[in-house]
Structure formats: C-alpha cells, structure tokens
Amino acid sequence: MSDDIDRAVERLRRTKSLLVITGAGISAESGIPTFRGNDGLWQNYRAEELATPWAFERDPVTVWKWYDWRRGIIGKAEPNAGHLAIKRFEETFPDFFLITQNVDGLHGRTGIRKIVEIHGNLWRVRCTRDNRTSMLTDVPLKTIPPRCECGEILRPDVVWFGESIPTEALQASYNVMSLCDTLMVVGTSGVVYPVASFPETVKDKGGFVIEVNMEPTPITNVADVSLFGKSGDILPAIAERLPH
Ligand code: OAD
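The residue count restarts for each chain, going from 1 along the sequence in the order it is written. Predicted model: local features are reported for residues with pLDDT of at least 70 only, side-chain atom pairs are reported and counted for 80 or more only, and whole-chain, interface and lining totals are derived from all residues. Note that the side-chain values use all heavy atoms of the structure and ignore hydrogens as well as water.

Caption draft 1: Structural detail: the site of the ligand. Here a residue counts as near a molecule or strand whenever at least one of its heavy atoms sits within 4 Å of it. Neighbouring residues of the ligand: 23 residues in total, closest Phe35, Arg36, Thr188, Ser189 and Asn213. The term polar contact refers here to a pair of N or O atoms within 3.5 Å; inside protein, the definition further demands a hydrogen-donor-capable atom paired with an acceptor-capable atom, and it admits residues adjacent in sequence only when both atoms are side-chain atoms. Within the backbone of Ala24, one N or O atom sits 2.8 Å away from an oxygen atom of the ligand. Reported accessibility uses the Shrake-Rupley method at a 1.4 Å probe radius. Residues are deemed covered only where the shown protein chains occlude them. In the complex, 92% of the free accessible area of the ligand, which totals 790 Å², lies under the protein chains. All residues other than Ala, Val, Leu, Ile, Met, Phe, Trp, Tyr, Cys, Pro, Asp, Glu, Lys and Arg, Gly among them, are scored as polar; the first ten of these are nonpolar and the last four charged. Residues belonging to the shell around the ligand are distributed by class as follows: eight nonpolar, eleven polar and four charged.

Caption draft 2: Highlighting the sheet that holds strand S3 (residues 115-117). Here we have six strands laid out as an open sheet, ordered S3-S2-S1-S7-S8-S9, and parallel in their pairing. In this open sheet, the two strands that pair with only one neighbour each are S3 and strand S9 (225-228). Going from strand to strand, the sheet's axes swing by 15 degrees on average, the running direction of each strand aside. Any two strands with at least two DSSP-identified bridges between them are counted as paired. Under the scheme used here, helices are H or I runs from DSSP no shorter than 4 residues and strands are E runs no shorter than 2 residues, and both carry numbers assigned from the N terminus. Axis definition: a line fit to C-alpha positions, over the contact stretch in the case of helices; interaxial angles, taken between N-to-C directions, run 0 to 180 degrees.

Caption draft 3: Up close: the state of the cysteines. Note that a disulfide, as used here, is simply two cysteine sulfur atoms within 2.5 Å. Under the criterion given, the structure shown has zero disulfides. Unpaired in this structure, Cys148 has its nearest cysteine sulfur neighbour in Cys150, at a distance of 3.7 Å. Accessibility here uses a 1.4 Å probe with only protein chains present; expressed as a share of the type maximum, an area under 20% marks a residue as buried, one over 50% as exposed, and anything in between as partly exposed. On the accessibility criterion, Cys150 (36% relative accessible area) is partly exposed.

Caption draft 4: Layout of helix H1 (residues 2-13). Taking 1.5 Å per residue as the helical rise, H1 with its twelve residues ought to reach 16 Å, and the 16 Å between its terminal C-alpha atoms agrees with that figure. If you check which residues of H1 are buried, you get Ile5, Ala8, Val9, Arg11 and Leu12. Buried positions in H1, seen along its axis, are confined to an arc of 160 degrees and lie on one side of it. Facing away from the buried surface of H1 by more than 90 degrees, the exposed residues are Asp3 and Arg13. By definition in these notes, contact holds between two residues if any of their heavy atoms fall within 4.5 Å. Those residues of H1 that are buried lie in contact with strand S1 (17-22), strand S7 (182-186), strand S8 (208-213), S9 and helix H10 (231-240). In this scheme, a helix's expected span is set at 1.5 Å multiplied by one less than its residue total. In this context, the arc is that of the directions from the helix axis out to the C-beta atoms.

Interpretation note: all reported values are geometric properties and have no functional meaning in isolation.
Laid out in structure tokens, this is it:
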C-alpha cells in the first residue's frame, strides 16, 4: 500500500491536468448510505420503484417520501476529510476538474468551483410542466409531492435510470477527459454508465488512472494504481505530500 501511495504521489507531482471522479463512497464517512454493497440503499429499496421516470409518474408520493428521507440524512451531514482533500487538489492543480455522480451537494459545500454534478443535485427541483429549475431546501418537505407556483408537481432535478445525462454535463465531462493527464476515481463501484466507461476513455488516450476504493471494482483492471482503504484517510494523506 505504501509503495502504491508513493507511486500515486509521484505521478501527481508530475501531473499538469487532474480530473477527479467521485461516487457515493466519498460521502460514506459523512454518514450517507451508498447504493451497492451490504448496507447499500439498493439492498433495501428497489431502484425501479424509486429512481425511474416511470416510478415517479405512477407514484410521485412514494418517490418523494424516499427523497425526503434521504434529504433528511444528507441535510445533517458535513463534508468529510475526503471532500476537503479534493478541494485542496483544486487549489494545488491549476488545471483541475471534478465530476461527481453524487447528488448530495457535499462537494459544493467545500467551496469547490470546478465541478460537474453529472447525476444532478437533490436540493434542486424541476417543474414537470416547463422544466424550470429552482432550489428547495426544506427538510422535511412541507407538502409531498411539492408543487411549483404554477400548480404542477415538482420533481428532484436528478438523473434517474432510463434518463440521459444532460448534454452540457456530458460535453463538459468529455472535454475534461480529453485534457487531463491523470484521472483519480474515488468511491465508485464503476458499474453505472456513462461514468463507468470514463477510466477506460482516459486510459485509451494515454492517461494515468489512480483508483481509491475500499475494495476492488471493475475499474481496478484499468487502473495503474489502486489504493484500497477509506477515501477520508487516503486522500488527505496524498494531499499532504503534494506541494501547496
Ligand atoms: P455505489 O454505492 O455503487 O458504490 C460505492 C463505492 O464506494 C463502492 O465501490 C464501495 O466499495 C466504495 N466505498 C464505500 N465506502 C468508501 C470509503 N469510505 N472510501 C472509499 N470508497 C468507499 O455508488 P456509485 O458508484 O456512486 O445513480 O453509484 C453510481 C450511481 O448508482 C449513483 O450515482 C446512483 C446509483 O444508482 C443514480 O441514482 C442514477
């Protein structure tokens, strides 16, 4: 492990353009459940009943109750040492970008600026009539389902299974992938597309891939270095050894 950290640090010291990708694992140490694994949300809840446009159309109350429950957990959570280390990377690397799959908004709360939330943000809502977005931060929600001023139902402004990533977010992601020389992938199981394909895309154009996860994933086969452990321990240990 310490050899692997040395290799990662050595590479990062030579990196001009760093891209970081995060998944639910980065927020686990803030007390937010991940999706897969033994304690994952998808062990107890069915994604197709809660995280698809069809589920919402059929039963918006059930979907919103689930989001209200998650917003309750996330509303009490704070960014952890892993989120803060990534904010330090933004300050260290003049050319830096973060793509997160997380909708919890915790990266944003560190003050990070160069970020795309590729699956949206669960504090933002979207009118089902005209797609206008706004922030709705009440916890718990005053009414379920919440309604727009126009009277129509609001939905969480997140990407559900069966929906496309917004074009702008996807374009920004491909743009930063083409620019980066090192990709660090943190706390994702690497099974949800399109993000699951990003490490290979960076590898194919000659980039270096560093993985940080508790356990091996499909990304481990692609990564140049895999660091196994908690992101809240590993990322600050790396940040400490970079010039700042
Ligand atoms: P997952 O729940 O699939 O994976 C979380 C990963 O984090 C696993 O590989 C864990 O081993 C790892 N992990 C857990 N705790 C960690 C820690 N403290 N430090 C480092 N790693 C840790 O979450 P995602 O890969 O983000 O999509 O899931 C991708 C998408 O699937 C989500 O954005 C969501 C979900 O369904 C939608 O809702 C559209």
